[in-house]
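Chain residues, written in single-letter form:
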Amino acid sequence: MKINKDLNAASASTIVLGILRGGESYGYAIVQKVKELSGGEVEWTDGMLYPILHRLEADGLINARWGESETGRKRKYYEITPKALPILDDDRRQWMTVNAVMNRLWETQTA
Amino acid sequence: MSTPSFSSELSGIPAALAAELEDHLIECYEAGLRSGMSSDEARQSSLRSLGSPSEISQRCLKESDPRDPRRNRLSLQHRVAIGGWLLMAIGFASRVCEASDPTHASIAACIAMSLGALVMGALIRRQRLSMPVAIALSLGLTGIASLAWLQVGWHPWIRETLALTPGALALLAAFGALSGGALTAAPRPAARAA
């Protein structure tokens, strides 16, 4: 399923922060996690992730460190910062509110 | 399993980002091979899924630009710098007005020196220099220009009235650089990232 571009843009940062809340990760793994969580329904362009990661890092919501992959390649790992946690919680509440409104709307219209 | 090189596609990209994208491309490539693709197919597939590295690089630079108006706000430091510069500029202007016989050229020169430090700070900041380097360059340029003007147009009333000591000039240049940098950063409330 191709997700509307605006919806993708609106949700991307929250999704990335939510994934990183579960532990440190890196770019490719984050993209794969999104595919896994959505059952393959949400597919990001791989390249759209990196500007988001750089913006979140510049805003102090994630930290980055250079490490190594299993084969010794340089790899950049990201982790969520304490500053991001209340922001993520607030985003979660907002999305749940919007989701609840949508669900009630569809129920009303299909009833 | 030998990994292909993506250096030609990643040339011209900042080294750190190129390393990050190369790791991503190689992971994609290896996943493609595991799914049964040939080496060429896996390589092309990884490049297609990533998109244009140069566009990604430009967007990353834009997103992490510290001068992004979405991110910048006037900090206490900036407010002090702008306030200090304004006070010094007003101080110079008031001393000029109090002088017994200030010429139009002298008045214009004093105003130009005050504005010069501010403009230099703004221009230097636009070159993406760090604040300490911007202050140092502004100090140097304002100092040199001021000393040259004072040597050429040394009027007795300047020495008596304005007391343009090196320390005062240095403060003017420093405040000008900080103020110029603050104004260039387009102070607006930072948008919450989400």
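For the structure itself, look to the data block above.
To keep things clear, this report deals only with the structure shown in the data block. (Residues numbered from 1 in each chain as written. Chains lettered and ligands numbered in written order. Predicted model: local features only at pLDDT ≥ 70, side-chain atom pairs only at ≥ 80, totals over all residues. Heavy atoms only, no water.)

1. A word on the overall build of chain A
Broken down by element type, chain A carries four helices and three strands. From first element to last, N terminus to C terminus, chain A shows the α and β order α-β-α-α-β-β-α. Within chain A, buried positions represent 41% of all 111 residues. Restricting to contacts in chain A with at least 6 residues of sequence separation, those with at least 24 account for 48%. Carbon together with sulfur atoms contributes 55% to the accessible area of chain A, which is approximately 6400 Å² in total. (Helix = DSSP H or I, 4+ residues; strand = E, 2+ residues; numbered from the N terminus. Buried < 20%, exposed > 50% of the residue type's maximum accessible area, 1.4 Å probe, protein only. Contact = heavy atoms within 4.5 Å. Areas by Shrake-Rupley, 256 points an atom, 1.4 Å probe, with all protein chains shown as cover.)

2. Digging into the interface of chain B and chain A
At the interface, 24 residues of chain B touch 29 residues of chain A. A combined buried area of about 2300 Å² lies between chain B and chain A, and 56% of that area is made up of carbon and sulfur atoms. Along the contact surface separating chain B from chain A lie five salt bridges. Residue Glu27(B) is joined to Arg75(A) by a salt bridge in which the shortest nitrogen-to-oxygen separation is 2.9 Å. For the pair chain B and chain A, the interface holds nine residue pairs in polar contact (both at pLDDT 80 or more). Looking at the side of chain B that touches chain A, the elements with two or more residues in it are helix 1 (15-34), helix 2 (39-50) and helix 3 (53-63) of chain B. With 12 residues, helix 1 of chain B is the single largest residue contributor to the side of chain B that touches chain A. Taken together, the residues that form the side of chain B that touches chain A break down as 12 nonpolar, three polar and nine charged. (Buried area = accessible area lost by both parts, 1.4 Å probe. Salt bridge = Lys/Arg side-chain N within 4 Å of Asp/Glu carboxyl O. Polar contact = N/O pair within 3.5 Å; in protein donor to acceptor, adjacent residues only side chain to side chain. Nonpolar A, V, L, I, M, F, W, Y, C, P; charged D, E, K, R; others polar.)

3. Quick word on the pattern of salt bridges
Inspection of the entire model under this criterion finds 12 salt bridges over all chains. Its salt-bridge partner being Arg73(A), residue Glu27(B) comes within 3.1 Å of it at the nearest N-O pair. Here Glu27(B) is found in helix 1, whereas its partner Arg73(A) is found in the loop between strand 2 (62-68) and strand 3 (74-80) on a different chain. Across the pair Asp90(A) and Arg93(A) runs a salt bridge, and its minimum N-O distance is 3.9 Å. Of this pair, Asp90(A) and Arg93(A) both sit in helix 4 (residues 84-110), three residues apart, which is roughly one turn of that helix. Via salt bridges that share partners, Glu70(A), Arg73(A), Arg75(A), Asp23(B), Glu27(B) and Glu30(B) belong to a single interconnected network.

4. Section: the pairing of strand 3 of chain A
Residue and element names in this part refer to chain A. Judged by how many residues are buried, strand 3 sits mostly within the fold: five of seven residues are covered. Sheet analysis places strand 1 (residues 25-26) next to strand 3, joined by two bridges and oriented antiparallel. Looking across to strand 3, one finds that Ser25 is bridged to Tyr78. One ladder, built from seven bridges, connects strand 2 with strand 3; its direction is antiparallel. Residue pairing across strands places Glu68 opposite Lys74, the latter belonging to strand 3. What sits between the antiparallel neighbours strand 2 and strand 3 is a turn of five residues, in which Gly72 has the positive phi angle 90°. (Pairing = 2+ DSSP bridges.)

5. As for the side chain of Ser46(B)
Residues and elements named next belong to chain B. Along the chain, the position of Ser46 falls in helix 2. On the basis of relative accessibility, which here comes to 1%, the residue Ser46 falls in the buried class. A polar atom in the side chain of Ser46 sits 2.8 Å from the backbone oxygen of Arg43. Sequence-distant contacts of Ser46, that is, excluding residues within four places in its chain, are made with Phe6, Leu25, Cys28 and Tyr29.

6. Side note on the environment of Glu9(B)
Residue and element names in this part refer to chain B. Structurally, Glu9 can be placed in the segment before helix 1. By relative accessible area, which is 27% here, Glu9 ends up partly exposed. Taking the C-alpha atoms as reference points, Glu9 and Ser52, separated by 43 residues in sequence, lie 8.6 Å from one another. Within polar-contact distance, the side chain of Glu9 engages the side chain of Ser8 at 3.1 Å.

7. Observations regarding the side chain of Asp23(B)
As for its placement among the helices and strands, Asp23(B) is situated in helix 1. The buried category is assigned to Asp23(B), whose relative accessible area is 6%. Setting aside anything within four residues of it in sequence, one finds Asp23(B) in contact with Tyr26(A), Arg73(A), Lys74(A) and Arg75(A).

8. Let's talk about the sheet that holds strand 3 of chain A
The antiparallel open sheet is built from three strands, whose spatial order is 1-3-2 (chain A). The open sheet has two edge strands with one neighbour each: strand 1 and strand 2 of chain A. Strand contacts of helix 1 (residues 5-21) of chain A: strand 1, strand 2 and strand 3 of chain A, with the helix running at about 95° to strand 3 of chain A, the strand carrying the most contacts. Running at roughly 100° to strand 3 of chain A, helix 1 of chain B makes contact with strand 1, strand 2 and strand 3 of chain A of the sheet. (Axes fitted to C-alpha atoms, helices over the stretch in contact; angles between N-to-C directions.)

9. A look at a nonpolar patch on the surface
A cluster of nonpolar side chains, contributed by Val98(A), Met102(A), Leu105(A) and Trp106(A), occupies part of the molecular surface with about 360 Å² of accessible area. By the secondary structure assignment, Met102(A) is in helix 4. (Patch = residues over 30% accessible without salt bridge, like charges linked within 9 Å, V, L, I, M, F, W, Y side chains within 5 Å.)

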